[in-house]
Amino acid sequence: MQTLRRTNRRRSETLLNGERRRDQGVVPLMAPQDADELKMQAKKGLYALGCIVVAFIIVMARLYFLQIGEGERYSKLADSNRVRYLEIIAPRGNILDRKGREMVTNRPSFNVIWLRESNRLDDEWLKTLTRVLGEDTSVLLEKIRKMVGQPGHLPVRLAEDISWDKVAQIEVNRMYLPQVSIEVVPLRVYHYGDMASHLIGYLGEINREELDRMDRTRYRGGDLIGKAGLERLREGDLSGSKGRDYMEVNALGFEQKSLKGERPVPGNDLQLTLDIDLQKIAEEELSNNKFAGAVVAMEVNTGRLLALASSPPLHLQDFVGGISHANWKAMLDNPLHPLVNKIVQGQYPPASTYKPITALAGLAEGVITPNQTIFCPGYHRFGNRVYRCWKRGGHGSVDLKRAVAESCDVYFYVVGQRLGVDRLAKYARLFGLGSKTGVEMEHEKSGLVPTTEWKRKERNEKWHEGETLSVAIGQGYNLVTPLQLTVMTSAIANGGTIYKPAIVEKVIYPDGTVAQNFHPEVLHRFTGQGRNLKLIRDGMVEAVNGKRGTGRRAQAETEGIVVGGKTGTAQVVRLKQYQHLKEKDIPYKYRDHAWFTCYAPASNPDIAVTVLVEHGLHGSSAAAPIASKILTRYFNERMGLLQDNAEDNTLFSPQMLGDTESSADQEQEPAPIDVPPTQL
């Protein structure tokens with residue numbers, strides 16, 4: 001058994017032996033493992049994987065940016081290679097009066113445009129265009145240069161509002177004027193000429209500074225925008241949104257077919273508080289008499305402005321298509337200053353129209369009583385100076401009502417002396433003087449209400465008591481605008497409420513729905529002085545309706561309408577060499593300004609009117625009749641009494657004033673003797 005086991009152990013294994021013979025007895029050995037090398041290889045693998053991941057993320061992020069983030073932009077760029085568009089100017093919103101009558105609308109005009117894209121300037125082309133348009137070559141080249149930096153598909157506007165003859169010439173010469181075409185755009189139409197020109201304003205071509213401030217998606221070079229007045233202040237409402245006309249073009253830029261475009265959206269309409277009938281009377285009266293000045297009419301219980309006239313007016317048609325250098329220079333050189341909106345920019349001494357403030361301050365502070373009299377001998381001595389009354393012979397014993405009605409200077413000298421300038425300033429400011437009204441008009445001035453502190457800061461001088469006497473009668477350093485004086489008169493009439501003057505009644509969307517409605521805005525209420533304000537109103541009613549009142553020419557022709565008002569004659573400068581001349585012989589620029597401010601009806605005031613005539617001499621004769629015509633028209637319409645009879649538009653001219661008036665009508669505000677007058 002053991003022998004068999006040994007034999008079995010020695011039995012050859014054929015396959016195993018063969019392998020051994022091939023290997024020739026060599027047994028393979030495993031190389032030793034290097035741990036550091038393995039770590040290095042692992043790190044390289046991770047680095048490679050990280051780089052792949054980062055590269056993948058970058059590619060995906062870039063794809064996201066191009067396809068999603070900037071997809072719309074690049075899609076538009078791609079479309080621009082095959083689609084060209086032209087902008088369609090939106091019609092500006094209309095401007096209406098309070099009754100919905102159109103003051104400013106639009107009409108179609110024809111502009112010449114040149115498509116720069118894939119085109120170059122050619123001498124022959126330029127000569128032909130210059131000959132057809134009648135323009136200088138330099139003018140056309142300047143318009144082309146203005147479009148440098150703008151997208152090439154945007155056209156250059158070479159001429160605006162051309163005539164039908166030029167349109168025909170361009171069409172006839174089209175083969176010699178490649179890529180020149182006619183663009184139809186809306187242009188402003190002023191149905192009442194230059195009426196309310198300072199309020200409405202005008203349009204002009206956008207400049208580079210304005211373009212930088214504007215929304216580039218809405219405006220581009222060559223667009224017309226509001227440059228002044230409501231056209232500028234309400235640009236956002238009036239401008240509307242442009243449309244686009246799309247055309248498919250081939251690789252050479254030639255049009256192949258029209259594509260669906262976008263229609264322009266017209267601007268919103270502005271319905272103003274102005275009444276065209278009252279505005280027309282105000283402007284005609286100033287113009288017919290060649291007066292420079294301003295007229296303001298306002299509802300005393302709401303602040304709505306019914307008339308706003310500044311004379312001379314702007315010639316709005318001169319600004320259509322761009323004002324010429326000659327016309328602009330003519331306005332700059334005009335001694336009547338048509339570029340100045342005298343309603344809010346003209347600052348003048350208020351003269352006797354300030355006396356109701358002095359009277360109210362005296363009553364409120366208890367320095368006078370309604371029945372207390374002050375004797376007027378025609379002058380008032382203060383220190384070593386003599387202050388004259390406008391009536392050389394004096395008024396005698398004067399109480400409050402008579403002082404306001406006859407505008408006795410001596411009475412108000414005394415009241416002002418008792419009050420002091422600072423207490424006068426307090427009440428003047430309470431009635432809106434010395435600060436901007438906040439009306440929606442450009443470059444409004446604040447006027448000036450002097451105080452002791454003001455003079456110390458501005459002039460580094462002490463206030464002299466004699467100066468208070470000049471301030472008390474509306475002279476001296478006092479300055480007001482016609483609109484401020486209207487606000488003051490309205491507050492006296494309605495019992496002490498200061499309303500913010502309003503111009504816009506409604507903003508109306510193109511579909512006719514109302515976007516914005518007017519609501520009266522109260523700036524201040526002067527309470528606790530109702531009785532004293534009634535006393536002032538009684539004096540102002542006597543000034544217009546009394547036998548010796550200074551404003552008798554302001555009486556309304558409408559039966560039953562009683563007017564209360566106050567005249568004023570503001571001295572511009574006092575020159576001794578002109579003291580002995582007749583008023584008509586005094587040089588125009590040295591004549592006094594004429595004021596009149598009033599309200600009606602006296603029993604329940606509804607409207608206030610202020611008239612200023614620069615260098616008009618007397619408020620009673622130059623300014624009061626204009627107010628009378630406005631009040632008559634206003635109340636005749638309200639009572640249904642309008643007639644077709646022609647009104648007498650003849651007023652006293654500056655040359656006629658002074659020869660036909662009674663002493664009561666010739667109220668003046670002379671500066672005190674030995675006191676230098678304030679010069680404008």
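(A) Here's a closer look at the packing of aromatic side chains. Going through the model one piece at a time under the given rule, you end up with nine aromatic pairs. The rings of Tyr427, Phe431 and Phe526 are connected pair by pair, giving a single aromatic cluster.

(B) Structural context of the packing of helix 14 (residues 355–365) against helix 16 (residues 409–419). Remark: helix 14 packs on helix 16, axes separated minimally by 10 Å, with the N-to-C direction vectors making an angle of 50 degrees. Taken together, the axis directions place helix 14 and helix 16 in an arrangement best described as oblique. The crossing of helix 14 and helix 16 is left-handed. From helix 14, Lys355, Thr358, Ala359, Ala361, Gly362 and Glu365 reach across to helix 16, where they touch Asp409, Phe412, Val415, Gly416 and Leu419. Split into classes, the residues belonging to the contact of helix 14 with helix 16 amount to five nonpolar, three polar and three charged.

(C) View of the pattern of salt bridges. Summed over all chains, the structure comprises 30 salt bridges. Among the salt bridges present, the one from Glu299 reaches Arg304, with a minimum N-O distance of 3.4 Å. Classification of Glu299 as buried rests on a relative accessible area of 10%.

(D) Inspection of unusual backbone geometry at higher detail. The omega torsion of the bond from Ser311 to Pro312 falls at 0 degrees, within 30 degrees of zero and hence cis. With respect to the element layout, Pro312 can be found in the loop between strand 12 (305–311) and helix 13 (325–333). Looking along the chain, the bond that leaves Ala600 and enters Pro601 is cis, with omega of -15 degrees. Tracing the backbone through its elements, the reader meets Pro601 in the loop between strand 22 (593–600) and strand 23 (607–613).

(E) Inspection of the side chain of Glu210 at higher detail. Here Glu210 lies in helix 9 (residues 208–213). Leave out the neighbours within four places in its chain, and Glu210 touches Glu205, Ile225 and Lys227.

(F) Here's a closer look at the packing of helix 14 against helix 21 (residues 530–545). With their axes 10 Å apart at the nearest point, helix 14 and helix 21 run at an angle of 145 degrees to one another. Seen from above, helix 14 lies across helix 21 with right-handed handedness. Residues Pro356, Ala359, Leu360, Leu363 and Ala364 of helix 14 form the contact with helix 21, whose participating residues are Asn532, Leu533, Leu535, Ile536 and Met540. For the contact of helix 14 with helix 21, the per-class residue count stands at nine nonpolar, one polar and no charged.

(G) Fine view of the pairing of strand 10 (residues 269–272). Of the two faces of strand 10, both are covered, the one formed by Asp269 and Gln271 as well as the one formed by Leu270 and Leu272. In this sheet, strand 10 lies alongside strand 2 (residues 95–96) in parallel orientation, the contact comprising two bridges. Bridging from a neighbouring strand, Leu96 pairs with Gln271 of strand 10. Where strand 10 lies against strand 18 (residues 504–508), four bridges are found, and the strand directions are antiparallel. The partner of Leu272 across the bridge, within strand 18, is Val504.

Criteria and cut-off values
- Residues numbered from 1 in each chain as written.
- Predicted model: local features only at pLDDT ≥ 70, side-chain atom pairs only at ≥ 80, totals over all residues.
- Heavy atoms only, no water.
- Phe/Tyr/Trp six-rings, centres within 6.5 Å; stacked < 30°, edge-to-face > 60°.
- Axes fitted to C-alpha atoms, helices over the stretch in contact; angles between N-to-C directions.
- Helix = DSSP H or I, 4+ residues; strand = E, 2+ residues; numbered from the N terminus.
- Parallel < 35°, antiparallel > 145°, perpendicular 65-115°, else oblique.
- Left-handed = near helix turned anticlockwise from the far one by under 90°.
- Contact = heavy atoms within 4.5 Å.
- Nonpolar A, V, L, I, M, F, W, Y, C, P; charged D, E, K, R; others polar.
- Salt bridge = Lys/Arg side-chain N within 4 Å of Asp/Glu carboxyl O.
- Buried < 20%, exposed > 50% of the residue type's maximum accessible area, 1.4 Å probe, protein only.
- Pairing = 2+ DSSP bridges.

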